[in-house]
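# Residue-level structure breakdown
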Amino acid sequence: MKNHIVPAFRLTLVMLMIVGIYLAFVYGGSKILPTHGNAEVINYKGQKFYANIGQEFKSDKYFHGRPSSVNYNAAGSGGSNKGPSNEEYLEIVQKRIDTLKLQNPDMLNARIPVELATASGSGLDPDISPEGALYQVKRIARVRNLSEEQIKNLISIQTEKPFLGLFGPSKINVLKLNIALDQLK
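What counts and how
- Numbering of residues starts from 1 in each chain and follows the order in which that chain's sequence is written.
- Local features in this predicted model are restricted to residues whose pLDDT is 70 or higher, and side-chain atom pairs enter the listing and the counts only when it is 80 or higher, whereas totals over whole chains, interfaces and linings include all residues.
- The side-chain values count all of the structure's non-hydrogen atoms but skip hydrogen atoms and water molecules.
- Note on aromatic contacts: the rings of Phe and Tyr and the six-membered ring of Trp form a pair at centre separations within 6.5 Å, being stacked when their planes are under 30 degrees apart, edge-to-face when over 60 apart, and tilted otherwise.
- Partly exposed describes any residue whose relative accessible area lies between the buried limit of under 20% and the exposed limit of over 50%, with all areas from a 1.4 Å probe on protein chains only and scaled to the type maximum.
- Two limits define a charge over a ring: the Lys NZ or Arg CZ must be within 6 Å of the ring centre, and within 35 degrees of the ring normal.
- The way it works is that DSSP assigns letters per residue, a run of H or I at least four long becomes a helix, a run of E at least two long becomes a strand, and they are numbered from the N terminus.
- For the purpose of counting charges, residues Lys and Arg are taken to be positive, whereas Asp and Glu are taken to be negative. His and the chain ends are not included.
- Salt bridge, as applied in this entry: a Lys or Arg side-chain nitrogen positioned within 4 Å of an Asp or Glu carboxyl oxygen.
- Polar contact is defined as a pair of N or O atoms within 3.5 Å, subject to the rule that within protein one atom must be able to donate a hydrogen and the other to accept it, and that residues adjacent in sequence are counted only when both atoms are side-chain atoms.
- By definition, residues are in contact when any of their heavy atoms lie within 4.5 Å.
- Whether two strands pair depends on DSSP finding at least two bridges between them.
- Note that the arc is computed from the directions linking the helix axis to the C-beta atoms.
- Every definition here rests on a 1 Å grid over the protein atoms only: cavities are sets of points where a 1.4 Å probe fits but cannot get out, pockets are open sets enclosed by protein on both sides within 12 Å along at least five of seven lines, and lining residues have some atom within 4 Å of a point.
- Grid points are joined across faces, edges and corners, and a volume is the space filled by probe spheres set on the points.
- Note that Gly is not counted as nonpolar here; it falls among the polar residues with everything else outside the nonpolar set of Ala, Val, Leu, Ile, Met, Phe, Trp, Tyr, Cys and Pro and the charged set of Asp, Glu, Lys and Arg.

Moving on, we get to the packing of aromatic side chains. In this description, a pair of aromatic rings is defined by centroid distance and the angle of the planes. This structure, assessed with the given rule, holds 1 aromatic pair. Between Phe57 and Tyr62, the aromatic rings sit 5.7 Å apart at their centres with planes inclined by 45°, giving tilted as the arrangement. The exposure classification of Phe57 matches that of Tyr62, with both residues buried. Positioned above the aromatic ring of Tyr62, the side-chain terminus of Arg144 is 5.1 Å from the ring centre.

Residue placement: Glu115 occurs in the loop between α2 (87-103) and β3 (127-128). Nearest to the buried, unbridged Glu115 among oppositely charged side chains is Arg66, at 6.2 Å. Among the polar contacts listed, one links the side chain of Glu115 to the side chain of Ser129, at a separation of 2.5 Å. Not counting residues up to four positions away in its chain, the partners in contact with Glu115 are Arg66, Pro67, Ile128, Ser129 and Gly132.

Right, let's talk about the pairing of strand β1 (residues 41-44) for a bit. Burial along β1 is one-sided: Ile42 and Tyr44 are buried, and none of Val41 and Asn43, which face the opposite way, are. Judged from the 4 bridges that link them, β1 and strand β2 (residues 47-50) form a sheet pairing that is antiparallel. Pairing of Tyr44 across the sheet is with Gln47, part of β2. Connecting β1 to the next strand, β2, in antiparallel fashion are 2 residues, including Lys45 with a positive phi near 50°.

Let's shift gears to helix α5 (residues 148-158). Every buried residue of α5 is accounted for by Ile151, Leu154 and Ile155. The buried residues of α5 occupy an angular sector of 100° when projected down its axis, which confines them to one face. In α5, the exposed positions that point more than 90 degrees away from the buried face belong to Ser156 and Ile157. Elements that come into contact with the buried residues of α5 comprise α3 (130-134), α4 (137-144), β4 (172-173) and α6 (174-183).

Another point: the side chain of Ser30. Here Ser30 is to be found in helix α1 (residues 2-30). Setting aside chain neighbours within four positions, we find Ser30 in contact with His36 and Gly37.

The subject of this paragraph is the layout of surface pockets. If you roll a probe as big as a water molecule over the atoms, it shows you where there is empty space left. Approximately 520 Å³ is the volume found for the largest pocket. Together, 18 residues line the largest pocket, and Leu33, Pro34, Glu40, Glu160 and Lys171 are the ones closest to its centre. Considering only residue class, the lining of the largest pocket consists of 8 nonpolar, 4 polar and 6 charged. Lining the second largest pocket are 16 residues, with Glu56, Pro67, Tyr72, Arg96 and Thr99 positioned closest to its centre.

Structure representation (structure tokens):
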């Protein structure tokens, strides 16, 4: 028994050191991020919003984000767990596509960006691609009586480029974009 306890104790200490170093690395890395590893809180019109969590926008005068499989409930984050061949899932995606075509009648023949029809793995993705935003420009310009060019410029300003120009796609935070849209004159 003594032959087993000492090696097990040593292995436990080595693993604690490895895990401790890893945790210190992750924690230290989070502190160099713009939000220092914390949620990005935006106060707007007397309300508090979290820019890191997808928000639901139903009005035609706003950009719509990714659909949520958890109804934008951050306490219940998760995907639908349905595969691409699941009949129920395919019906849900088709309903989303039909709704997008109804909301954006000027874009009937345009390719629908995938993030506007499918939910993310967490169901709370706060970002869409520039293509997802551009798909909605005509509807928003018509409803708000703005030029398409004004809205496209706003999209360009709000687009976050990939990290170091290499890692990840270009993206737009839908909450920040809609707040900027409200402030457009």
